[in-house]
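If you want the building blocks of each chain, they are given just below.
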Amino acid sequence: MKYLVLVSHGEFAAGLKTSLMMLAGQRDDVIASGLPDGKTADEFAEIFKESVKDIHEDDEIVLLADIVGGSPLTTALNVLAEKGLMEKTTTIGGMNLPLALTSVLMKDTLQGDSFVQAVLSEATTAMYPLMEPALESLANQIYATQSTKDLTYAEENKYTSMLLLDAINSALKKARAD
């Protein structure tokens, strides 16, 4: 069987699973596990081991996580490595509902890079309208000043703007190094 495993901080994974069940129907191939507030990574490892106890070496996993490098993801990867399941695990961070829904619907029809490209494309398409105002504002300011310094952000998309600007500056830095 090919499982969709959701991991997150707090109850995000469980809530996302509930939404998936509303949209895709009840499924035995979706597992959600969250790191409860106040618990350690070691305590989460035990929680996660229990959630994936029925997954075996002949099964495959699509592992979605809320944050790349976060404790839930790194702990889940360690547990899966201990179980010898890493070779059959596809891992994607930045989990959201469009990504999870596309994953659950396509996981049995696409493999490897084709699967990853398809689900990331769907998730990006769904998220773009939310980021478009911030991106457009940054683009206009950068075009006008020919600089990424001293840009202003609208309060309603301040954090999205900061994230996008960080990505832009990172890309520029890499381009200068080449």
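Structural notes, computed from the coordinates. (Residues numbered from 1 in each chain as written. Predicted model: local features only at pLDDT ≥ 70, side-chain atom pairs only at ≥ 80, totals over all residues. Heavy atoms only, no water.)

## Some points on the overall build of the chain
Phase 1 of the analysis: Scanning the chain from terminus to terminus reveals six helices and four strands.
Phase 2 of the analysis: Going from the N terminus to the C terminus, the chain shows its helices and strands as β-α-β-α-β-α-β-α-α-α.
Phase 3 of the analysis: For the chain, the C-alpha atoms occupy an extent of roughly 55 × 35 × 35 Å along the three principal directions.
Phase 4 of the analysis: In the chain, 71% of the contacts between residues at least 6 apart in sequence involve partners at least 24 apart.
Phase 5 of the analysis: When the accessible surface of the chain is split by element, carbon and sulfur atoms take 54% of a total near 10600 Å². (Helix = DSSP H or I, 4+ residues; strand = E, 2+ residues; numbered from the N terminus. Contact = heavy atoms within 4.5 Å. Areas by Shrake-Rupley, 256 points an atom, 1.4 Å probe, with all protein chains shown as cover.)

## Digging into the packing of helix α1 (residues 12-24) against helix α4 (residues 97-106)
Phase 1 of the analysis: Contact geometry of α1 with α4 gives a least axis separation of 10 Å together with a crossing angle of 55°. If you check the angle between α1 and α4, you find them oblique. In this structure, the crossing between α1 and α4 has a hand that is right-handed. Of α4, the residues touching α1 (which contributes L16, S19, L20, L23 and A24) are L97, A100, L101, V104 and L105. (Axes fitted to C-alpha atoms, helices over the stretch in contact; angles between N-to-C directions. Parallel < 35°, antiparallel > 145°, perpendicular 65-115°, else oblique. Left-handed = near helix turned anticlockwise from the far one by under 90°.)

## Focus on unusual backbone geometry
Phase 1 of the analysis: One non-glycine residue, Q146, adopts positive backbone phi at about 55°.
Phase 2 of the analysis: Within the secondary structure, Q146 is located in the loop between α5 (112-145) and α6 (158-177).
Phase 3 of the analysis: For D150, which is not a glycine, the phi torsion comes out positive at approximately 55°.
Phase 4 of the analysis: Structurally, the position occupied by D150 is in the loop between α5 and α6.

## What to know about the nonpolar core
Phase 1 of the analysis: Membership of the largest hydrophobic core comes to 18 residues, with the highest contact counts inside it found for V5, V7, F48, I55, I61 and L63.
Phase 2 of the analysis: If you list the elements that add at least two residues to this core, you get β1 (2-9), β2 (30-35), α2 (41-51), β3 (60-65) and α3 (71-82).
Phase 3 of the analysis: In terms of residue count, α3 provides more of this core than any other element does, four residues in total.
Phase 4 of the analysis: Filtering out sequence-adjacent residues up to four positions away, I61 remains in contact with Y3, V5, I55, L80, L85, K88, T89 and T90.
Phase 5 of the analysis: Counting 17 residues, the second largest nonpolar core, distinct from the first, contains V62, I92, M95 and A100. (Core = buried A, V, L, I, M, F, W, Y, C linked by side-chain atoms within 4.5 Å. Buried < 20%, exposed > 50% of the residue type's maximum accessible area, 1.4 Å probe, protein only.)

## Thoughts on the sheet that holds β1
Pairing between sheet strands relies on hydrogen bonds along the backbone, with the strands arranged either parallel or antiparallel.
Phase 1 of the analysis: The four strands are arranged β2-β1-β3-β4 in an open sheet whose pairing can be described as parallel. Only two strands of the sheet have a single neighbouring strand rather than two, namely β2 and β4 (89-93). Going across the sheet, the axis of each strand differs from the next one's by a mean of 20°, ignoring polarity.
Phase 2 of the analysis: Sheet analysis places β3 next to β4, joined by five bridges and oriented parallel. The partner of L64 across the bridge, within β4, is I92.
Phase 3 of the analysis: Strands in contact with α1 are β1 and β2; relative to β1, the strand with the most contacts, it is inclined by about 135°. (Pairing = 2+ DSSP bridges.)

## Examining the packing of α2 against α3
Phase 1 of the analysis: It is the contact of α2 with α3, at a shortest axis distance of 9 Å, that shows an interaxial angle of 55°. The pairing of α2 with α3 is recorded here as oblique in orientation. Handedness of the α2/α3 crossing: right-handed. Between α2, through A41, F44, A45, F48 and K49, and α3, the contact on the second element is made entirely by P72, T75, A76, V79, L80 and E82.
Phase 2 of the analysis: Its residues assigned to classes, the contact of α2 with α3 shows eight nonpolar, one polar and two charged. (Nonpolar A, V, L, I, M, F, W, Y, C, P; charged D, E, K, R; others polar.)

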